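Observations on the model geometry
The lines below spell out each chain.
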Amino acid sequence: MQGIIFTIKLNFSPLLHISLFCDIFYLEDITNQGGSPLNFYNNIPLKSAPSSYTLQPINAYANEFYFPGKFSLIFFENGSGCGKINDTSFNFMGPGIICLNQSERLILTKSYNLKGYILCFTPNLLQEYFTFENIITFDHCFTPHDINIALNLSIFYHRFPHYIGHTPISEPLLKQLYKSLDHLTRCSDSVDSMSSIITDIITPIKRVVQSNLSVSRVITTPTSFEVKDVIMYLHANCKQKITIPKLSKQFHINRTTLSDRFFEATGETIITYLNKYRINVAAIMLRESNYSISNIAEEVGFNDTAYFAKLFKKYMFHTPSGYRQRYLSLFHVHKTDN
């Protein structure tokens, strides 16, 4: 797919008022099995539109991402890496998303095979009177719809110990978001169309961030360079069979030294960390896809579905099917309340 860049300014009528809040929808698998989620979008057209957003490939940048005056969504389709946001280190792998506000800077200290896109936009693309300040304080003239949109934008400025702007997502959700990006480049020149599409992009991301806060484990404690490499390897190869001897050979280090350093840095053994990571990825897939439990188990590296279910219950306190049903019922109640 060719790189695409859009940079256009937005001229609003002072009388224009838009009030949008759209619910998430799920897509069918429109790609070939095992293929890139972007295979479907090989011919996204270049187009001028009266908007204030940019869409660019990640490879347009080296190792620093800084977009002053805009919110930025960085979509990682695949690859892995180590990065820093606000001097806080973290590890990541695709598929995932990093949300940066207008003053944050992402610096990649290491990366492998990164592929994806960067969407940047200003708040007033969603509502003409939105500013970086009033979406946090909630202007007194905000409608309930305005507040809902502003709450979704909190992914760009609310930060917690386990959320510094990065969140993993499932491949089905990435496909949905990429289809929305494609719609954005092809939509009419009307402001409300672009506002609606970007709202459709932000809404499911906010929901994933909220749900991931309870299950995601982001390593933010200082670790040795070797341990960071091991963590990146575990994330990138979690579908494969991984053993301590294999890791020892991969990183040219004594097994005991490797195990001791990893435990010192993370507080967990390598296998415990790997299993927890696999279960967290599985939880995301249960929430964000219609894949069968056996398929999800295989996708995260478990050949034995019964053993996968046992570990899942150990760490998530629910069976995989019970977890999915509980999440869907809670989401249905939340959607009804809205």
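Bear in mind the structure is a predicted one, so any value in this text is a computation, not a measurement.

Turning next to the nonpolar core. Formed by 39 residues in total, the largest nonpolar core has its most connected members in Leu-73, Phe-75, Leu-119, Phe-121 and Ile-205. Among the elements that line this core, the one with the most residues is helix H4 (residues 191–212), at eight residues. Sequence-distant contacts of Phe-121, defined by excluding residues within four places in its chain, comprise Ser-52, Tyr-53, Lys-70, Phe-71, Leu-73, Leu-126, Leu-153, Phe-156, Ile-198 and Ile-202. Grouped together as the second largest cluster of nonpolar side chains are 18 residues, Ile-231, Ile-253, Phe-262 and Tyr-273 included.

Moving on, we get to helix H3 (residues 171–186). With 16 residues, H3 extends 23 Å from end C-alpha to end C-alpha; this agrees with the ideal 22 Å at 1.5 Å per step. Among the 16 residues of H3, 12 are classified as buried, and the element is accordingly described as predominantly covered. Listing the buried residues of H3 in full gives Pro-172, Leu-173, Leu-174, Lys-175, Gln-176, Leu-177, Tyr-178, Ser-180, Leu-181, Asp-182, Leu-184 and Thr-185.

Attention shifts here to the confidence of the model for the protein. On average, residues of the protein carry a pLDDT of 77, and 78% of them reach 70 or more. Mean pLDDT per element in the protein: helix H11 (residues 320–337) is the minimum at 69, and strand E5 (residues 96–100) is the maximum at 94. Between residues 333–338, whose pLDDT stays under 50, and residues either more than four places distant or in other chains, the model counts two contacts.

With that settled, the discussion passes to the layout of surface pockets. Space inside the second largest pocket adds up to approximately 300 Å³. The element contributing the most residues to the lining of the second largest pocket is helix H8 (residues 270–288), with four residues. Broken down by class, the residue content of the lining of the second largest pocket amounts to five nonpolar, four polar and five charged.

Each value, and the rule that gives it
- Residues numbered from 1 in each chain as written.
- Predicted model: local features only at pLDDT ≥ 70, side-chain atom pairs only at ≥ 80, totals over all residues.
- Heavy atoms only, no water.
- Core = buried A, V, L, I, M, F, W, Y, C linked by side-chain atoms within 4.5 Å.
- Buried < 20%, exposed > 50% of the residue type's maximum accessible area, 1.4 Å probe, protein only.
- Helix = DSSP H or I, 4+ residues; strand = E, 2+ residues; numbered from the N terminus.
- Contact = heavy atoms within 4.5 Å.
- Expected span 1.5 Å × (residues − 1).
- pLDDT = per-residue confidence, 0-100.
- 1 Å grid on protein atoms, 1.4 Å probe; cavity = no way out; pocket = protein on both sides within 12 Å on 5 of 7 lines; lining within 4 Å.
- Points joined across faces, edges and corners; volume = space filled by probe spheres on them.
- Nonpolar A, V, L, I, M, F, W, Y, C, P; charged D, E, K, R; others polar.

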